[in-house]
Amino acid sequence: RPAPTRGAAKDTARPVSPQVAIPPTNDVNNSGCFAVTGATGSLGKVVVAELLSRNLPVLAFGQSEGRLQALHTLHQSPLLETVVCDIGDWVTMRDAFNGAQSVNRIIHAAALKRVGESYANPTEYIRVNLVGTQAVLIAAQKAKLRPSSFPRRVLFVSSDKAVAAHNPYGAT
């Protein structure tokens, strides 16, 4: 953590970009890969880049075929596979988890996150942020992961904005 600047309150320094803590490579079963939902979002892109920089296979989920193609073009890695999938579609996720790159870790970073937009469309925020999270968990539970792998191997990435929420985004 960087030292605070003169006159600044202690612990006020914040990183400019998201920091990602990935388990040590020796903790990962080399026969499987990481699945990342929301792989084309601000946090998901950082997670994918970090995993690929460690030569770990990644199954990247996103809703936009164009954004997933851009992600693939950016990394140009044989370790990256993409899946176009709505976050509420647990059947497609389950089938992809059981696919060619047997998934053994899931990082769920898919979410809608604009406060103003959440007031205009709270139903979509509930569908994506709550029902979508439930779909990821159902897909993980129904996938052919090793018996001890659920739920210990699903990482849900959230926000501190949910504390005392006063808007639909924070509530979801």
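Everything here concerns the structure above.
I will try to describe carefully the structure that is included in this document. These numbers were taken from a predicted model, which means no experiment stands behind them.

Calculation criteria
Residues numbered from 1 in each chain as written. Predicted model: local features only at pLDDT ≥ 70, side-chain atom pairs only at ≥ 80, totals over all residues. Heavy atoms only, no water. Helix = DSSP H or I, 4+ residues; strand = E, 2+ residues; numbered from the N terminus. Buried < 20%, exposed > 50% of the residue type's maximum accessible area, 1.4 Å probe, protein only. Contact = heavy atoms within 4.5 Å. Areas by Shrake-Rupley, 256 points an atom, 1.4 Å probe, with all protein chains shown as cover. Salt bridge = Lys/Arg side-chain N within 4 Å of Asp/Glu carboxyl O.

So, the overall build of the protein chain
- Along its length, the protein chain carries six helices and five strands.
- Mapped in sequence order, the helices and strands of the protein chain form the string β-α-β-α-β-α-β-α-α-β-α.
- Here the protein chain, with 172 residues, has 35% of them falling under the buried criterion.
- Summarising the internal contacts of the protein chain: among those between residues at least 6 apart in sequence, 62% fall at separations of at least 24.
- Accessible surface, the protein chain as shown: approximately 10200 Å² in total, 54% of it carbon and sulfur.

What to know about the pattern of salt bridges
- Per the counting criterion, the structure on display carries four salt bridges.
- Its salt-bridge partner being Arg127, residue Asp86 comes within 2.8 Å of it at the nearest N-O pair. Residue Asp86 is found in the loop between strand E3 (80-84) and helix H3 (90-97), and its partner Arg127 is found in helix H5 (residues 122-142); the two are separated by 41 residues along the sequence.
- According to the relative accessible area criterion, Asp86 is partly exposed, its value standing at 26%.
- The partner of Arg94 in a salt bridge is Asp95, and the shortest N-O contact between them spans 2.8 Å.
- A cluster of three or more residues bridged by salt bridges with shared partners is formed by Asp86, Glu124 and Arg127.

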